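What follows is the residue order along each chain.
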Amino acid sequence: MANGCDVAKAAGVSQSTVSRVFRGDPLVAPRTRDAVLGAARRLGYAPNAAARALTTSRAHAVAVVTPDVVNRALPAGDHHPA
């Protein structure tokens, strides 16, 4: 499995440029963007969302907290179908 460093080497750019391309930085030149995306495609590279969440401390996930939905008036296993 290829990583960002492998893509950078294949595209002839720095690892930070690879990161900027995958973040969608508009300041990356189109030719450079094409070189990075082409190298990533050839190597089978895809950014890892879990690794990104670790480095940015942002998971882009939503947690849902609900109250206990068990009806305590009914015996266990005697649930009404929804």
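Structure: above.
These numbers come from a predicted model, not from an experiment.

### A short note on the environment of S14
- When you line up the elements, S14 lands in the loop between α1 (4-11) and α2 (15-23).
- In sequence terms S14 and G4 are 10 residues apart; their C-alpha atoms lie 9.3 Å from each other.

### Examining helix α3 (residues 30-43)
- Taking 1.5 Å of rise per residue, the 14 residues of α3 would be expected to cover 20 Å, and the 20 Å separating its terminal C-alpha atoms lies within 8% of that figure.
- Of all the residues in α3, the buried ones are V36, G38, A39 and A40.
- On its buried face, α3 sits against α1 and α2.
- Backbone geometry just after α3 places G44 at a positive phi near 75 degrees.

### A few points about the pattern of salt bridges
- Taken as a whole and judged by the stated rule, the model has one salt bridge.
- Two residues, D25 and R20, come together in a salt bridge whose shortest N-O distance is 3.1 Å.
- Its relative accessible area of 16% is what places D25 among the buried residues.
- Relative accessible area serves as the criterion here: at 26%, R20 is assigned to the partly exposed category.

### Notes on the packing of aromatic side chains
- Taken as a whole, this structure holds one aromatic pair when the rule is applied.
- Centre to centre, the rings of F22 and Y45 are 5.3 Å apart; their planes meet at 70 degrees, and the pair counts as edge-to-face. One end of the pair, F22, is in helix α2; the other, Y45, is in the loop between α3 and α4 (49-56), with 23 residues separating them in the sequence.
- For F22, a relative accessible area of 32% gives the class partly exposed.

About the cut-offs
Each chain has its residues counted from 1, following the order in which its sequence is written. Where local features are concerned, this predicted model is filtered to residues with pLDDT of at least 70; where side-chain atom pairs are given and counted, the filter is 80 or more; whole-chain, interface and lining totals use all residues. To get the side-chain values, take all heavy atoms of the structure and skip hydrogens and water. A run of H or I in DSSP counts as a helix once it spans at least four residues, and a run of E counts as a strand once it spans at least two, with each numbered from the N terminus. Here the expected span of a helix is defined as 1.5 Å times the quantity of residues minus one. Accessible area is worked out with a 1.4 Å probe on protein chains only. A residue is then buried under 20% of its type maximum, exposed over 50%, and partly exposed in between. What makes two residues a contact is simply this: any of their non-hydrogen atoms within 4.5 Å. Between Lys or Arg on one side and Asp or Glu on the other, a salt bridge is scored when a side-chain nitrogen of the former is within 4 Å of a carboxyl oxygen of the latter. Ring geometry is summarised as follows: Phe, Tyr and Trp rings, the Trp one being its six-membered ring, pair when their centres sit within 6.5 Å, and such pairs are stacked at plane angles under 30 degrees, edge-to-face over 60 and tilted between the two.

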